[in-house]
Amino acid sequence: MYSGCRKFHLDTVGFKQMKNKSVLALATCLAAAALLWGCARQQQGSSSNAGKRLRLAFVTNNASDFWTIARRGTEKGDQELDNVDVEFRIPSDGTAAEQKRIVDDLLAKGIDGMAISPVDPANQTQMINDAAKRILVITQDSDAPQSERACYIGTDNRAAGRQAGELIKQALPQGGKIMVFVGKADAQNARERLEGVKEAIAGTNVQIIDVRTDDTDRVRAKSNAADTLVKYPDVAAMVGLWAYNGPAILSAVRDAGKVGQVKIIAFDEEDATLVGVREGSVEGTIVQQPYQFGYQSVKTMAQILGGDRSMIPATKQIFVPTRVIKKENVDDFTKELNQLRGRS
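Residues numbered from 1 in each chain as written. Predicted model: local features only at pLDDT ≥ 70, side-chain atom pairs only at ≥ 80, totals over all residues. Heavy atoms only, no water.

J.: Teacher, can you tell me more about the sheet that holds strand β12 (residues 323-325) here?
T.: Neighbouring strands of a sheet are bound in pairs by backbone hydrogen bonds; such pairs are parallel or else antiparallel. Taken together, 6 strands build an open sheet; the order of strands is β7-β6-β8-β9-β10-β12 and the sheet is mixed. Two strands bound the open sheet, and with one partner strand each, they are β7 (206-213) and β12. When strand polarity is set aside, the average angle formed by the axes of neighbouring strands in this sheet is 20°. Strands β6 (176-182), β7, β8 (237-240), β9 (263-267), β10 (284-287) and β12 of the sheet are contacted by helix α5 (residues 157-171), whose axis makes an angle of about 165° with β9. Packing of helix α7 (residues 218-231) onto the sheet brings it into contact with β6, β7 and β8, and relative to β7 it is tilted by some 140°. (Pairing = 2+ DSSP bridges. Helix = DSSP H or I, 4+ residues; strand = E, 2+ residues; numbered from the N terminus. Axes fitted to C-alpha atoms, helices over the stretch in contact; angles between N-to-C directions. Contact = heavy atoms within 4.5 Å.)

J.: What should I look at first to understand the nonpolar core in this one?
T.: Grouped burial of nonpolar side chains is what soluble globular proteins tend to show. One finds Ile168, Leu172, Ile178, Val239, Leu241, Trp242 and Ile265 to be the most contacted residues of the largest nonpolar core, which totals 26 residues. Of all elements in the fold, only α5, β6, α6 (188-201), β8 and β9 reach the threshold of two or more residues within this core. A total of 5 residues in this core trace back to one element, the largest contributor, which is α5. Excluding its chain neighbours within four sequence positions, the residues that come into contact with leucine 241 are Val180, Phe181, Val182, Ala190, Arg193, Leu194 and Phe267. (Core = buried A, V, L, I, M, F, W, Y, C linked by side-chain atoms within 4.5 Å. Buried < 20%, exposed > 50% of the residue type's maximum accessible area, 1.4 Å probe, protein only.)

J.: Help me out: how do you make sense of the packing of aromatic side chains in this one?
T.: What characterises a pair of aromatic rings is the spacing of the ring centres plus the angle enclosed by the ring planes. Throughout the structure, instances matching the rule amount to 6 aromatic pairs. The interplanar angle of 65° and the centroid separation of 6.1 Å between the aromatic rings of phenylalanine 66 and phenylalanine 293 together place this pair among those described as edge-to-face. Pair noted here: phenylalanine 66 is in helix α2 (residues 66-80) and phenylalanine 293 is in helix α10 (residues 290-305), with a separation of 227 residues, a long-range link. The class for phenylalanine 66 is buried, based on a relative accessible area of 4%. (Phe/Tyr/Trp six-rings, centres within 6.5 Å; stacked < 30°, edge-to-face > 60°.)

Purely spatial values, then, with no claim about function.
Quick look at the structure:
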């Protein structure tokens with residue numbers, strides 16, 4: 001009797017152990033299946049995002065030829081990505097109001113992402129934030145760091161300003177009075193470039209008389225330069241912080257017969273600026289890489305919308321290096337530039 005009960009007890013224990021093992025194995029299988037199902041769903045979602053046709057926009061801050069090169073970059077990005085369509089928009093008058101009309105129109109069209117160069121970042125922060133609640137927004141060329149944009153792609157403008165400051169010091173080793181010209185002084189890139197210039201010339205005898213703005217009006221830009229030459233006959237150098245300022249300054253200096261007497265430092269790569277560098281009437285120009293602004297904006301927006309944000313650094317700023325173009329390297333640079341512009 002005792003031995004029979006004991007046998008029954010042992011069999012019961014064995015059955016329970018087997019049952020527990022079976023339950024554990026079943027639970028393990030179910031967990032694995034759930035994991036695989038989740039991965040499959042994630043892959044399916046990624047494939048779905050990758051397959052979705054993305055409507056992207058690139059919005060400039062004016063109609064300068066600078067943006068022609070950026071457009072080539074957006075076109076290259078568009079060609080490389082099968083699921084992307086890019087709309088390139090240029091404000092007709094270079095105002096914040098016109099930019100807002102463009103942004104509102106793009107939102108109404110149902111775009112997925114936008115790369116914008118804000119004309120007036122401080123006063124356009126709310127516009128950017130409102131757009132960012134509905135679509136992906138990044139800034140390019142000019143940043144709005146207080147906004148909810150995903151990231152900024154463009155120049156380290158303070159560093160570029162320091163490069164311009166070095167050119168000023170080379171042109172005026174003994175110092176002298178200089179005038180600075182720009183479209184809008186409150187634009188982020190304008191402020192940072194001016195700060196960089198001031199950092200570079202600190203402790204020297206270079207004196208900034210004033211900063212003249214033109215609201216992206218080329219006629220006014222030349223008028224500002226011409227007025228400066230009359231009002232300040234002792235001005236030693238004139239510095240243009242935006243692309244069209246260089247040609248405007250050079251034209252005014254030529255009209256006044258002061259080529260070589262008044263040094264010119266410019267930004268960007270307008271044809272007249274490069275001709276001036278080649279001739280020696282412009283000391284040098286700090287050039288950005290607008291092609292990369294366009295190309296990287298399209299590629300980055302597509303990646304982010306596809307679920308990959310790994311390219312965004314902690315600073316949320318992706319810098320594209322600037323170059324200093326002087327007489328010794330202007331021909332090589334012009335050749336590169338013409339290839340980007342599609343010129344022979």
